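A closer look at the structure
Below, each chain spelled out in residue letters.
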Amino acid sequence: MTSIRIYVDADACPVKDEIYRVAVRHSVPVIVVAGTYIRVPDDSLIQRIAAGPGMDAADDWIAERAGKNDIVITADIPLASRCVKAGASVIAPNGKPFTEQSIGMTLAVRNLMTDLRASGEVTGGPRSFQPRDRSAFLSELDKTIRRIQRTCATQQG
């Protein structure tokens, strides 16, 4: 069967523990990528990568490897865009999936807000992480793993 992998943009990810639990339940390997050392559970399914100190080192590491049958967990919209274009399934920590249909508008809004902040506009930041976000994330991750497993099984058989 084709291997599914989960790549985690880990530096500011609030759902790492949830990812580990779901991945272990489904026997899916997890690659936890951060700029520097990050603590992960001692489990053969979970691999830690210290991508280096560069500004986008972790993002670049993930984007260079993620592809079809992979799941990327990130709140970073430019990274999400790169991974969607590579064929990966991408989920934000709040459970929102990034898709080919949504990523263009999401990236445009992000760039607009960045420009507004740069010009001195007060735009506020993203809303705070809520318990319902954790629940939505768990549901979306489980659904995405099952969808990819079905697709792989159909292609095998």
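First, a word on scope: everything that follows refers to the structure included in this document. (Residues numbered from 1 in each chain as written. Predicted model: local features only at pLDDT ≥ 70, side-chain atom pairs only at ≥ 80, totals over all residues. Heavy atoms only, no water.)

**Focus on the overall build of the protein chain**
Under the convention used in this document: Here a strand is any run of E in DSSP of at least two residues, a helix any run of H or I of at least four, and the numbering for each starts at the N terminus. Whether a residue is buried, partly exposed or exposed follows from its accessible area with a 1.4 Å probe, protein chains only, as a fraction of its type maximum: under 20%, in between, or over 50%, in that order. The criterion used for residue contact is that any of the two residues' heavy atoms lie within 4.5 Å. Here the open area of atoms and residues is found with the Shrake-Rupley method and a 1.4 Å probe, where only the protein chains shown may cover a residue.
Counting its regular elements, the protein chain contains five helices and six strands. Listed by position from the N terminus, the elements making up the protein chain come as β-α-β-β-α-β-α-β-β-α-α. Looking at the protein chain as a whole, 43% of its 157 residues are labelled buried. Considering only residue pairs separated by 6 or more positions, the protein chain has 50% of its internal contacts joining residues 24 or more positions apart. When the accessible surface of the protein chain is summed, it comes to about 8800 Å², and 52% of that surface belongs to carbon and sulfur atoms.

**Structural notes on the pattern of salt bridges**
Formally: When a carboxyl oxygen of Asp or Glu lies within 4 Å of a side-chain nitrogen of Lys or Arg, that pair is called a salt bridge.
Applying the stated criterion to the full structure yields seven salt bridges. Taking the shortest distance from any N to any O, the salt bridge between Asp 142 and Arg 25 comes out at 3.0 Å. With Asp 142 in helix α5 (residues 131–156) and Arg 25 in helix α1 (residues 16–26), the pair connects residues that are 117 residues apart, well separated along the chain. Relative accessible area serves as the criterion here: at 15%, Asp 142 is assigned to the buried category. Here Arg 82 makes a salt bridge to Asp 60, at a shortest N to O gap of 2.8 Å.

**Remarks on the sheet that holds strand β4 (residues 70–73)**
Selection criterion: Between any two strands, at least two bridges found by DSSP are needed for them to pair. Axes here refer to lines fitted to C-alpha atoms; in helices the fit is confined to the stretch in contact. Angles between the N-to-C directions go from 0 to 180 degrees.
A sheet is described by the order of its strands in space; here six strands give the open sequence β3-β2-β1-β4-β5-β6, paired in mixed fashion. Looking at the sheet topology across the chains shown, the edges are occupied by β3 (46–50) and β6 (97–98). On the sheet, helix α2 (residues 57–65) packs against β1 (5–9), β2 (30–34), β3 and β4 and is oriented at approximately 160° with respect to β1.

**Here we look at the side chain of Asp 59**
Put simply, the test is: Counted as positive: Lys and Arg. Counted as negative: Asp and Glu. His and the chain ends are not counted at all.
Among the structural elements, Asp 59 can be located in helix α2. We note that Asp 59 is buried and unpaired, the nearest opposite charge coming from Arg 82 at a distance of 5.8 Å.

**Here we look at the packing of α1 against α5**
The following threshold applies: Small angles under 35 degrees read as roughly parallel and large ones over 145 as roughly antiparallel, with 65 to 115 read as roughly perpendicular and the rest as oblique. Left-handed describes a crossing in which the near helix is turned anticlockwise from the far one by less than a right angle; the clockwise case is right-handed. In this classification, the charged set is Asp, Glu, Lys and Arg, the nonpolar set is Ala, Val, Leu, Ile, Met, Phe, Trp, Tyr, Cys and Pro, and all remaining amino acids, among them Gly, are polar.
Two numbers describe how α1 lies on α5: the axes approach to 10 Å, and their chain directions differ by 30°. It follows from the interaxial angle that α1 and α5 lie roughly parallel. Our pair here, α1 against α5, has a crossing hand that is right-handed. Contact with α1, carried on its side by Glu 18, Ile 19, Arg 21, Val 22, Arg 25 and His 26, involves Arg 134, Phe 137, Leu 138, Leu 141, Asp 142, Ile 145, Arg 146 and Gln 149 of α5 and no other residues of that element. Of the residues assigned to the contact of α1 with α5, the class counts are six nonpolar, two polar and six charged.

**Looking at the side chain of Glu 18**
The condition that has to hold: Contacts described as polar in this section are N or O atom pairs within 3.5 Å, which, within protein, must combine one atom able to donate a hydrogen with one able to accept it, while residues neighboring in sequence count only if both atoms come from side chains.
Following the sequence through the fold, Glu 18 ends up in helix α1. In this structure Glu 18 comes out as buried when scored by relative accessible area, which is 7%. Side-chain polar atoms of Glu 18 contact the side chain of Arg 134, separated by 2.8 Å. Glu 18 has contacts with Arg 134, Phe 137 and Leu 138, leaving out every residue within four places of it along the chain.

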